[in-house]
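Examining the three-dimensional arrangement
Chain residues, written in single-letter form:
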Amino acid sequence: MTQSTTVTHPVRPIPEGYHSVTPALLVRGGAQAIDFYTRAFGARELGRMPAPDGQRIWHAELQIGDARLMLADEFPDMGGHAPESLGGTPVCLHLYVEDADAAVQRAVGAGATVIQPLMDAFWGDRYGRIKDPFGHEWSVATHIEDVSEEEMRRRAEAFATSAG
C-alpha cells in the first residue's frame, strides 16, 4: 500500500494583486465592455473565461491603474443582472487618474456619456461623473488640493447654499 503525502504551501487569503474590495461588474456584452474599458480607461486584460455557449463571458479580470476589476456577462437565470436589466445602477465606481479632463474626454470618445461635467470640487478634487455604455456609473477625479476639515466644512456649506 502506498501512502499519499500532501504538501501544503501557505496560501494568501487575499491573492497577490488584489485589494480587500474588488468590484465585479455584470454587463450585457462582456467582450465589448472589455474593449470599452481598454479604450476609455487604459485597462489591461488579465484573462477571460468564456461561458459554455461561446458567446458570453463567465469571468474576466482587468487591471486599471493599481486596481483589479472583475467582469462577466449577465446571466439572469443565475441571478446576475446588468444595470440595463434593472433600469439603472445605484453604484458609482470612483476612479482617480492623473488628468481627469483627459480621462473623461477619452471615455466620452470611447462611448461614455457625461452625467456631471467636470468641476473643481469643494473637497479638493477635479471631479465629474460619466455613464459607460453598459449602464455603470463612474466618478473620475484628480486630486488637486489638500483641504483641511474646517475649510471643507465651510466650502460644503457654501456649496449646499448655492445648490439649494
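Check the entry above for the structure.
Just so you know, these numbers come straight off a predicted model, no measurement behind them. (Residues numbered from 1 in each chain as written. Predicted model: local features only at pLDDT ≥ 70, side-chain atom pairs only at ≥ 80, totals over all residues. Heavy atoms only, no water.)

This paragraph deals with the nonpolar core. Membership of the largest hydrophobic core comes to 27 residues, with the highest contact counts inside it found for F36, Y37, F41, I64, L71, I130 and W138. Residue assignment for this core shows that the elements contributing at least two residues are β1 (24-27), α1 (30-41), β3 (57-64), β4 (67-73), β5 (92-96), α3 (100-110) and β8 (137-143). At 6 residues, the largest contribution of residues to this core is made by α1. Once you skip the residues sitting within four places of it in the chain, W138 turns out to touch L25, Y37, F41, I64, L69, C92, L93, L95, G128, R129, I130 and D132. (Core = buried A, V, L, I, M, F, W, Y, C linked by side-chain atoms within 4.5 Å. Buried < 20%, exposed > 50% of the residue type's maximum accessible area, 1.4 Å probe, protein only. Helix = DSSP H or I, 4+ residues; strand = E, 2+ residues; numbered from the N terminus. Contact = heavy atoms within 4.5 Å.)

Moving on, we come to the pattern of salt bridges. Summed over the entire model, instances satisfying the criterion amount to 12 salt bridges. Here R39 and D35 are joined by a salt bridge, their closest N and O atoms 3.0 Å apart. Placement of both R39 and D35 in helix α1 is noted, with a separation of 4 residues, approximately one turn of the helix. Among the residues examined, D35 registers a relative accessible area of 40% and is labelled partly exposed. One continuous salt-bridge network, built from bridges that share partners, spans E145, E151, R154 and R155. (Salt bridge = Lys/Arg side-chain N within 4 Å of Asp/Glu carboxyl O.)

Note that all results are geometric; they support no functional claim without further evidence.
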